[in-house]
Amino acid sequence: MSLALDSDSFDRFDEFSAAGFRVPQFDPRVMRKATTAAPTWVHLGAGNFFRSVHAIVAQAMLDGGHETGIVLANLRDHTVVENSRRTDDLFVNVVMNADGTIDPALIASVAESAQLASDAATGWDRMSAVFRQSSLQLVTLTITEKGYQTVDASGEALPEIADDVDCGPARNRTAIPALASLLLTRFHAGGTPIALMSTDNFSDNGDRLAQAVRSIADLWVASGQAPAEFADYVSDRQRVAYPSTMVDRITPSPSPAVAAMLAERGLIGADVRERSGGGPLASFSNTESTSYLVVEDDFPNGRPPFELAGVLVGDRELVSRADRMKVCTCLNPLHTAMAVVGCLLGFTRIAHMMDDCDIRALVEGVGRHEGLPVADTPSGLDPAAFLAEVIDVRLPNPGLPDSPQRIATDTSQKLGIRFGETIRRHVDVGDAQHLTWIPFAIAAWVRYLLGVDDDLAPFERSPDPLLPAIDNRLKGMRIGDPETASSARDLLADEAIFGVDLVSVGLAPTVEGHLGAMLAGAGAVRRTLHRLADSTRPEHTAKPSAAARSNHS
Ligand SMILES: NC(=O)c1ccc[n+]([C@@H]2O[C@H](COP(=O)([O-])OP(=O)(O)OC[C@H]3O[C@@H](n4cnc5c(N)ncnc54)[C@H](O)[C@@H]3O)[C@@H](O)[C@H]2O)c1
Ligand SMILES: O=P(O)(O)OC[C@@H](O)[C@@H](O)[C@H](O)[C@H](O)CO
């Protein structure tokens, strides 16, 4: 059977169903008509996570009788929206089970997609029209952590944003000015209230989005490019709200192996291609079965019936606690520690890393020993159980094609969030000097920055906006000379990166100790990790697994 992803398949859901795909329980044509007439939800940042969370939530609500879907927009890479349009905005979301089986679902909750790149007038005009409509309740964003930085400490626009600020509201190229510009259109059209909801991975993401949007509005007002009332509009939470969220579903980049499984089921065009901006692009997303979305109930123009999709809706306190639990202690710090160590030790699969007893010790150390004792407890969620599921079920899931290289992307943007808060909490209770695994993870990141693995072979570091600046700061550091670990001192004091000044909280010597040991020569990363793992095992007898040994130089 051949299953094509296009609008003809609206009449062929039974064939998808026969091939084992879950199918929409609504008529996409009716949904698209209703959404065009009265759009309620725009999403900015059409990546893989959107396809595995937002689009799934929307589909569940549509299956439950809700009438409108999502209007999707992307700014940076025109191939992303072209990819969505190639399949008439349909795609397949694949849940990867631990036993190697897959549960594919045909997703039809995107009503239309718009390209907002500066040369894409049609997409911009369409999105402006959507923002003028009073029916619009919600804009969600997945623009990555770095997408929220707009101004420096003195309130000056950052270089990437500066052009957009100077040009004023128009067809902006960067995400926050583009959003602010569309909001200005809404303001001029009567200023119906709206909620702007960050679904990127950091605590209090609503506040950060508010700050970013307001900073652009202020710059435009100051330069006479927007009326003063616009700054009031974006600062009045009754009119523009910024609900915070906790988002969780491990969603690796689309994998060729999954493409092959879908092709076996008859799906046409299930290949993996390259985005023009780098990274894979496909007509499907692949993810795990676990998924959490916790949303602050702050929607001044009403909201979609999230409860139909199992979304937890609550107050700010619930969201903040859930988010800090996940991002600062029980999941993301483990991920980042594994990512940099995995790149150094030559791993390409997170699940394989969990078979390595040294790496397991690292994960346990960062999560159970140093994260959990200071974790937040959100009402209705148990941090110990959450962490246990992460360590025992989610990270080892052999079906999930996740890689340390994906997770290592933009690490400089994440360290403050993933380790800084936890370090601060240990400082507050006076036991920061006992931390060793988090300092090890930080040292491993610095060692990773040298772009040379533990066998001393060069490797390509994942993209990160701070690489050139950091390379400059680490010029004095050399493998073969452990003493040069001290040249990282200035970097370690950088609160903007680590969320705390590691020198003044007294952790720099621990980080430099691990780093110096890892700089000793070939195999030094493994030896340092193994020694540390051994010293923290009660029985002091564990040996590296076969996977560890084969990676051990
Ligand atoms: N993938 C996951 O497991 C996961 C889980 C929880 C949260 N998230 C959040 O979602 C974000 C995106 O993850 P993804 O897996 O979809 O990644 P992705 O690479 O598939 O997509 C990233 C999207 O962000 C856009 N983007 C990238 N840099 C941008 C910038 N500077 N300004 C504006 N837009 C930008 C891209 O055009 C693309 O649409 C993450 O950064 C994270 O905050 C991801
Ligand atoms: O998406 P990032 O780049 O913020 O971080 C990489 C991973 O840690 C992240 O995507 C996790 O998979 C996710 O946070 C799980 O919910």
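Just so it is clear, the model here is predicted, and its values are computed rather than measured.

Close to ligand 1 lie 22 residues; Phe49, Asn74, Asp200, Thr251 and Arg275 are nearest. Between Asn48 and ligand 1, the recorded distance is 2.9 Å, taken from a backbone N or O atom to an oxygen atom. Between ligand 1 and the protein, one listed contact pairs a nitrogen atom with a side-chain N or O atom of Arg406 at 3.2 Å. For the shell around ligand 1, the residue count by class is six nonpolar, nine polar and seven charged.

One finds Leu262 and Trp445 to be the most contacted residues of the largest nonpolar core, which totals 102 residues. Two domains each donate at least three residues to this core, and these are domain 1 (7-314) and domain 2 (316-551). In contact with Leu262, not counting residues within four places along its chain, are Phe21, Val92, Val94, Ile102, Pro104, Leu267, Ala270 and Phe284. Counting residues in each nonpolar core, the second largest holds 45 residues, with Val130, Ala175, Ala226 and Val240 among its members.

Surveying the vicinity of ligand 2 reveals the residues Glu145, Asn201, Asp248, Arg249, Ile250, Lys326, Asn332, His335, Arg406, Ile407, Lys414 and Arg418. Asp248 is positioned with one of its side-chain polar atoms (N or O) 2.5 Å from an oxygen atom of ligand 2. A distance of 2.8 Å separates an oxygen atom of ligand 2 from a polar side-chain atom of Lys414. Only α13 (332-344), α17 (404-407) and α18 (411-428) provide two or more residues apiece to the shell around ligand 2. Looking at side-chain class alone, the shell around ligand 2 contains two nonpolar, three polar and seven charged residues. Per-domain counts for the shell around ligand 2 show at least three residues from each of domain 1 (7-314) and domain 2 (316-551).

This brings us to the sheet that holds strand β6 (residues 138-141). Reading across from one edge, β5-β2-β1-β6-β7-β8 is the order of the six strands in this open sheet, with parallel pairing throughout. Among the strands making up the open sheet, the edge pair consists of β5 (110-115) and β8 (240-241). Pairing between strand β1 (residues 41-44) and β6: four bridges, direction parallel. Paired with Leu44 across the strands is Leu141, a residue of β6. In the packing of helix α8 (residues 175-188) onto the sheet, contacts are made with β1, β6 and β7 (194-198), and the angle to β7 comes to roughly 170 degrees.

A few words now on the domain arrangement of the protein. When cut into domains, the protein gives domain 1 (7-314) and domain 2 (316-551). Using only C-alpha atoms to locate each centre, domain 1 and domain 2 end up separated by 30 Å. Taken together, the contact pairs 37 residues of domain 1 with 32 residues of domain 2. Carbon and sulfur atoms supply 57% of the area buried between domain 1 and domain 2, which totals about 2800 Å² over both sides. Run the count over domain 1 and domain 2 and you get five salt bridges. Between Asp248 and Arg394 there is a salt bridge, with its nearest N and O atoms 2.8 Å apart. On the surface where domain 1 and domain 2 come into contact, there are 12 residue pairs in polar contact (both at pLDDT 80 or more). Residue assignment for the side of domain 1 that touches domain 2 shows that the elements contributing at least two residues are α9 (205-222), β9 (245-248), β12 (284-287), β13 (292-296) and β14 (312-314). Partitioned by chemical class, the residues of the side of domain 1 that touches domain 2 number 13 nonpolar, 14 polar and 10 charged.

Per the stated rule, a full pass over the model turns up 10 aromatic pairs. On the numbers, 5.3 Å between centres and 45 degrees between planes, the contact of Tyr292 with Phe386 is tilted. Pair noted here: Tyr292 is in strand β13 and Phe386 is in helix α16 (residues 383-394), with a separation of 94 residues, a long-range link. Both rings, one in Tyr448 and one in Phe459, keep their centres 5.4 Å apart while their planes meet at 50 degrees; by these two values the pair is tilted.

The subject of this paragraph is the side chain of Asn397. Along the polypeptide, Asn397 turns up in the loop between α16 and α17. Of note is the side chain of Asn397, whose polar atom sits 3.2 Å from the backbone oxygen of Met96. With residues near it in sequence (within four places) discarded, Asn397 still touches Met96, Asn97, Ala98 and Ala351.

Turning our eyes to something else, we now look at the side chain of His66. Tracing the backbone through its elements, the reader meets His66 in the loop between α4 (54-63) and β2 (70-74). A polar atom in the side chain of His66 sits 3.3 Å from the side chain of Thr68. For His66, the residues in contact, after removing those within four places along its chain, are Met61, Pro304 and Pro305.

Rules behind the numbers
- Residues numbered from 1 in each chain as written.
- Chains lettered and ligands numbered in written order.
- Predicted model: local features only at pLDDT ≥ 70, side-chain atom pairs only at ≥ 80, totals over all residues.
- Heavy atoms only, no water.
- Near = heavy atom within 4 Å.
- Polar contact = N/O pair within 3.5 Å; in protein donor to acceptor, adjacent residues only side chain to side chain.
- Nonpolar A, V, L, I, M, F, W, Y, C, P; charged D, E, K, R; others polar.
- Core = buried A, V, L, I, M, F, W, Y, C linked by side-chain atoms within 4.5 Å.
- Buried < 20%, exposed > 50% of the residue type's maximum accessible area, 1.4 Å probe, protein only.
- Domains from an automatic or database assignment.
- Contact = heavy atoms within 4.5 Å.
- Helix = DSSP H or I, 4+ residues; strand = E, 2+ residues; numbered from the N terminus.
- Pairing = 2+ DSSP bridges.
- Axes fitted to C-alpha atoms, helices over the stretch in contact; angles between N-to-C directions.
- Buried area = accessible area lost by both parts, 1.4 Å probe.
- Salt bridge = Lys/Arg side-chain N within 4 Å of Asp/Glu carboxyl O.
- Phe/Tyr/Trp six-rings, centres within 6.5 Å; stacked < 30°, edge-to-face > 60°.

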